[in-house]
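Results of the structural survey
Now for the letters of each chain:
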Amino acid sequence: MWAWPMISLITTNSMPCSNCASTWRGSEKVASRRSLLAVTGSVAAGFSIAADSAKFNTFSEAHAASDAPRWVWVQEPAKYVRCIAIDAMPPVVSRSPVALGQLMKGVGRARVERVGVSVGLGSSFFSGVHALRPRHLKSMPSFLGDLLDESQTHGDALVYLESDSAADLGDAARRLLSVMPAWRQRWSIGGFRKENRAQGGKWLARNPFHFAEGFGNPDTEREVVDRAVVVPGQGEPAWAEGGSYQVIRIVRFATDLWDRDSVDEQERIIGRRREGRWLDGTPGEEQPNFAADPHGKATPLDSHVRLAAPDRRNPPPMVRRSYSYDRGDGDSGLIFSCFQRDLVQGFETVQHRLEGESLSKYVLTTGGGYFFVPPPGDGWTEAFVRP
C-alpha cells in the first residue's frame, strides 16, 4: 500500500519594518483616488488593450483587432513561472487605495523586459464590498481527495510571473515585493515547462508523469478568448467584463509509485499515448469519437481524459496553462493553472467529473486558490476607489 510521504510545505513571509503600521494608517487617511490613479496610470501601458469592443460583434474580435499587449496567459507560455500569493497586512485593507496603489506599483516594477505579469484577486479581496465581487468567486473548496494546507492556499491577491529566464523571474519577484510594505507573501511556488514547444498550433509540455499535455487547448487566440474571457450579459459586475477566472492547484505527483506501472497501464489511466496520440489511433491534434467506444474498450471509461471531457468535440470552456514543479525531497508535481469565463461551467464541472478516476491514487492537491484576473487596463481600479 502506497502512503504519501510527510509533506513539508515552506512559506516565506516578507515581514514589514516595525514602524510601518503607523505609516500605513497615516497614509490610509490621506490616500485619494487621484493618487491611486497616478500610480495605476504609470503601469497602464503594460495592461492596456486599445480596442473598443462596441465596434465589434464579439469581445474576441475586438481583442484580435487590437495591437496592444495581450494577457500573459494568451501569449505563448514562457519556460518558467512564479506564483506569489499575497495578503494585505492589518490594519490595511487589500482593496484600500494604499494597498491597491502599492499592488499596482509593485506590478509595474516587476514588469521588466522579458517578464510577463498578471494579477488575480482572491475572494478575501472583496471583504465588505460584495456587490463588486465576481459572482462565482469564492475560496477554493476542498474537493474529494484534496489535502489542502492553508499556508499554501488562497490569498488576497495572486501575482503571476512568467519568463524564459529564471534569473529575470527572480529579479522581478524581488522588485515586486520591494515597494509593497502594506503586503506580505502568503505563499509562493515556482515552476517550469519541460520540452516547452508548439505543435499543431498548440503549446505543449511534458509533465512529471512523462506525458505531453496541452492538446485540449484551443489552437487560435480567438478561441482562447472565447473560452476564457468574461463578456457582457453574464451577470458579472461591470468592472469585471473582459477579465477571467483563474484556478491554481498545486498537485503533488507520486512519481515513484507511478513509475512502477507499465507504460501501457499508464496510458490507459491517462487515456492517451505519452506523445499525445489517442488510444484508438486518432492523432493527438484531432478529436476522438468516444461515442463509437461506448464500453471503453479502446479508451477506458474512467481514464483521465475521458472523464474530463466526455465529448472531446465540445471541450470544457477553459484554457489550461500548467507548469511542473520540483521542490526536492520527493515533492514534485504540477502547478495546474486554468482560465475560464465561468468557474462553474469550466473548472468545477470538470473537477467533479474526475472524482473517482483511476489517476486519483497517484496525485494529491495540497494548495492553490481561486482568483479573478481583472480586464486589461487600469480602469477596473476605479470601481474600488469611487467615493
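What this report covers is the structure whose coordinates are included nearby. Please read all numbers here as calculations on a predicted model, not as lab measurements.

In this section: the overall build of the protein. The number of helices and strands found in the protein is 11 helices and 12 strands. The buried share of the protein, reckoned over its 387 residues, is 53%. Of the contacts made within the protein by residues no fewer than 6 positions apart, 76% connect residues no fewer than 24 positions apart. When the accessible surface of the protein is totalled, it reaches about 16900 Å², and 50% of it is carbon and sulfur.

One finds Leu103, Phe126, Leu161, Trp183, Trp239 and Phe384 to be the most contacted residues of the largest nonpolar core, which totals 67 residues. The dominant element in this core, judged by the number of residues it contributes, is helix α5 (residues 97-110), at 6 residues. In this structure phenylalanine 384 touches Arg95, Leu100, Phe125, Phe126, Leu132 and Trp239, once residues within four positions along its chain are discounted. Core analysis: the next-biggest nonpolar cluster, separate from the first, contains 15 residues, Val81, Tyr160, Trp187 and Phe371 among them.

For the largest pocket, the calculated volume is near 970 Å³. In terms of lining residues, the largest pocket is bounded by 41 residues, among which His304, Arg320, Phe336, Leu354 and Leu359 are the most central. Those elements that place two or more of their residues in the lining of the largest pocket are β7 (212-213), β8 (244-253), α10 (304-308), β11 (332-340), α11 (344-353) and β12 (363-373). Partitioned by chemical class, the residues of the lining of the largest pocket number 22 nonpolar, 10 polar and 9 charged.

The next point concerns the pattern of salt bridges. Applying the stated criterion to the full structure yields 15 salt bridges. In this structure, lysine 138 and glutamate 348 form a salt bridge, with 3.3 Å as the shortest nitrogen-oxygen distance. Here lysine 138, found in the loop between β2 (115-121) and β3 (157-163), pairs with glutamate 348, found in helix α11; they are 210 residues apart in sequence, far enough to count as distant. Since its relative accessible area comes to 37%, lysine 138 is described here as partly exposed. Residue classification places glutamate 348 among the buried residues on the basis of a relative accessible area of 10%. Measuring nitrogen to oxygen at the nearest pair gives 3.0 Å for the salt bridge that ties arginine 320 to glutamate 213. One end of the pair, arginine 320, is in strand β9 (residues 319-320); the other, glutamate 213, is in strand β7, and 107 residues separate them in sequence. The exposure class assigned to glutamate 213 is buried, which follows from its relative accessible area of 17%. Taken together, the salt bridges that share partners define one network made up of Asp87, Glu150 and Arg186.

Scoring rules and cut-offs
- Residues numbered from 1 in each chain as written.
- Predicted model: local features only at pLDDT ≥ 70, side-chain atom pairs only at ≥ 80, totals over all residues.
- Heavy atoms only, no water.
- Helix = DSSP H or I, 4+ residues; strand = E, 2+ residues; numbered from the N terminus.
- Buried < 20%, exposed > 50% of the residue type's maximum accessible area, 1.4 Å probe, protein only.
- Contact = heavy atoms within 4.5 Å.
- Areas by Shrake-Rupley, 256 points an atom, 1.4 Å probe, with all protein chains shown as cover.
- Core = buried A, V, L, I, M, F, W, Y, C linked by side-chain atoms within 4.5 Å.
- 1 Å grid on protein atoms, 1.4 Å probe; cavity = no way out; pocket = protein on both sides within 12 Å on 5 of 7 lines; lining within 4 Å.
- Points joined across faces, edges and corners; volume = space filled by probe spheres on them.
- Nonpolar A, V, L, I, M, F, W, Y, C, P; charged D, E, K, R; others polar.
- Salt bridge = Lys/Arg side-chain N within 4 Å of Asp/Glu carboxyl O.

It is worth stressing that arrangement in space is one thing and function is another; only the former is reported here.
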